[in-house]
Amino acid sequence: FNDTPAEEFADKHGFKFEGTEKPEIEEEPEEEDYYEEYYPISEYSDSNGENKSSDEAEWKFDEETKTLTVSGTGAAELSVYASNSGWKEKVETAVIENGVTGIGEGFFGGCKNLKSVSIPDSVICIDGAFYDCTSLKTITLPDSITSLCYETFSGCTALEEVHLGNRIHMLGVG
């Protein structure tokens, strides 16, 4: 590169400096843009615990079976779970259907009675989704998952076994 400290050093010490043109480097997306692209956030949920976002994964809690079913396409995000946390205290089984691509930060966080989770091959990333699930003892992750992000299982005090798929290339702390 021309006009750099390397060129100044070469001149000062009598070396021949042959600069190169600075290569064009594609700018990294800003962190917020990256997050929005890969982990879209749902807008709201209603008082029945049903996600009403039209372009993301949807979820519905069945009071009788204590099962939360996540369906649709895209990432399952829960940006406003605090306003509708009733199902989080009751859910024992989670069924994530094929088509869901990610499980976002805090989606199952604090589900103290969650014992069983079914994750399909369409899920590729889990980001901090299961923290403080104190009844979860074992979980099997499909081969499709490439990323387990920060604090995915933090505080899961009963967790004895995590069966990892064979494509994970990013494993976060926790």
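Keep in mind that this is a model prediction, so the values were computed, not measured. (Residues numbered from 1 in each chain as written. Predicted model: local features only at pLDDT ≥ 70, side-chain atom pairs only at ≥ 80, totals over all residues. Heavy atoms only, no water.)

## Brief notes about the overall build of the protein
Put simply, the rule reads: Each helix is a run of H or I in the DSSP string that is no shorter than four residues. Each strand is a run of E no shorter than two, and both are numbered from the N terminus. Partly exposed residues are those whose accessible area sits between 20% and 50% of the maximum for their type, while under 20% is buried and over 50% is exposed, using a 1.4 Å probe and protein chains only. Any pair of residues with heavy atoms lying within 4.5 Å of one another is described as a contacting pair. Here the accessible surface of atoms and residues is derived via Shrake-Rupley with a 1.4 Å probe, and residues count as covered only by protein chains that are part of the display.
A tally of regular secondary structure across the protein gives 3 helices and 11 strands. Per-residue burial for the protein yields a buried fraction of 37% across its 174 residues. For the protein, the share of sequence-separated contacts (at least 6 apart) that also reach a separation of at least 24 residues comes to 33%. Accessible surface computed for the protein: about 10500 Å², of which carbon and sulfur atoms make up 47%.

## Thoughts on the packing of aromatic side chains
How two aromatic rings sit relative to each other is given by the distance of their centres and the angle of their planes. To be explicit about the condition: Side-chain rings of Phe, Tyr and Trp (the six-membered ring for Trp) are treated as a pair once their centres are within 6.5 Å; stacked means planes under 30 degrees apart, edge-to-face means over 60, and tilted covers the remaining angles.
The tally for this structure, following the rule as stated, stands at 5 aromatic pairs. With 4.9 Å between their ring centres and 75° between their planes, Phe 107 and Phe 108 make a pair best called edge-to-face. What makes Phe 108 buried here is its relative accessible area of 0%. Ring centres 5.1 Å apart and planes at 5° place the aromatic pair Phe 108 and Phe 130 in the stacked group. Of this pair, Phe 108 sits in the loop between β5 (100-103) and β6 (116-118) while Phe 130 sits in the loop between β7 (125-126) and β8 (138-140), placing them 22 residues apart in sequence. Within the aromatic cluster, the residues linked to one another by ring pairs are Trp 59, Trp 87, Phe 107, Phe 108, Phe 130 and Phe 153.

## Details of the sheet that holds strand β4 (residues 93-96)
The line we're drawing: We treat two strands as partners when DSSP finds at least two bridges between them. Lines fitted to C-alpha atoms define the axes here, with helix axes fitted over just the stretch in contact, and angles between the N-to-C directions of these axes take values from 0 to 180 degrees.
Taken in spatial order, the 4 strands line up as β1-β2-β4-β6 in an open sheet, and their pairing is mixed. The sheet is open, and its two edges are formed by β1 (58-62) and β6, each paired on a single side. Ignoring strand direction, the axes of neighbouring strands in this sheet form an average angle of 10°. Judged from the 4 bridges that link them, strand β2 (residues 67-71) and β4 form a sheet pairing that is parallel. Within β4, the position partnered with Leu 68 by the bridge is Ala 94.

## Thoughts on the state of the cysteines
As a reminder, the rule being used: Disulfides are defined in this document as cysteine sulfur pairs within 2.5 Å.
All chains considered together, the criterion is met by 0 disulfides. Sulfur of Cys 133: no disulfide; nearest cysteine sulfur belongs to Cys 156 and is 5.0 Å away. Residue Cys 156 is classed as buried on the basis of its relative accessible area of 9%.

## Observations concerning the environment of Ser 116
Structurally, Ser 116 is set in strand β6. Separated by 21 residues in the primary sequence, Ser 116 and Lys 137 place their C-alpha atoms 8.3 Å from one another. In this view, Ser 116 contacts Glu 92, Thr 93, Ala 94 and Leu 136; residues no more than four positions away in its chain are not counted.

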